[in-house]
Amino acid sequence: MSDRKQTVERYFEGFRRGDHAVILSCLTEDVAWNLPGFRHLRGKADFDGEIENPGFTGRPALSLDRLIEEGSAVVAIGEGAATTIDGATHRFAFCDVFTFEGALIARVESYLVPL
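This one's a predicted model, so the numbers in the text were calculated from it and none came from an experiment.

Criteria and cut-off values
Residues numbered from 1 in each chain as written. Predicted model: local features only at pLDDT ≥ 70, side-chain atom pairs only at ≥ 80, totals over all residues. Heavy atoms only, no water. Helix = DSSP H or I, 4+ residues; strand = E, 2+ residues; numbered from the N terminus. Expected span 1.5 Å × (residues − 1). Buried < 20%, exposed > 50% of the residue type's maximum accessible area, 1.4 Å probe, protein only. Arc of directions from axis to C-beta. Pairing = 2+ DSSP bridges. Polar contact = N/O pair within 3.5 Å; in protein donor to acceptor, adjacent residues only side chain to side chain. Contact = heavy atoms within 4.5 Å.

Caption draft 1: Looking closely at helix α1 (residues 3-17). The end-to-end C-alpha distance of α1, which contains 15 residues, comes to 21 Å, matching closely the 21 Å that a straight helix rising 1.5 Å per residue would cover. Within α1, burial applies to Thr7, Val8, Tyr11, Phe12, Gly14 and Phe15. End-on view of α1: buried residues confined to an arc of 150°, all on one side of the axis. Residue glycine 18 follows α1 closely and has a positive phi angle near 70°.

Caption draft 2: Main features of the pairing of strand β6 (residues 104-114). Relative to β6, strand β1 (residues 27-35) is paired through four bridges, and the arrangement is parallel. Across the sheet, the residue bridging to leucine 27 is isoleucine 105, located in β6. Inspection of the sheet shows strand β5 (residues 89-101) paired to β6 by ten bridges, in the antiparallel sense. For cysteine 95, the partnering residue across the bridge sits in β6 and is tyrosine 111.

Caption draft 3: Summary view of the side chain of glutamate 109. Residue position: glutamate 109 is located in strand β6. Under the relative-accessibility criterion, glutamate 109 is labelled buried at 17%. A polar atom in the side chain of glutamate 109 sits 3.3 Å from the side chain of tyrosine 111. If we skip the residues at most four places from it in the chain, glutamate 109 touches Asn34, Cys95, Asp96, Val97 and Thr99.

Spelled out as structure tokens, the structure:
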């Protein structure tokens, strides 16, 4: 597995554990996170504030179906589930596109579809 794919795996493991330090260690200082139709974030501080959504509790279950790498991009496709604060399970499919600068993630584009 390439170094960039390993970084993406570490990033997702950070979300599974709620480990902000691990997630942020994968990112450039000026990282951009685009969640089309929802919000656009810039910088580690904004990113850190979105790691744990106040509408949810606990840690998400995230499974990666595949990672595809070309040039400076890694695409992660998978499914997840999270528990809302009212106890409901929110299932979703995702496709995240990670653009790298060197060894770190400089841009994340997250496409989410409720299941």
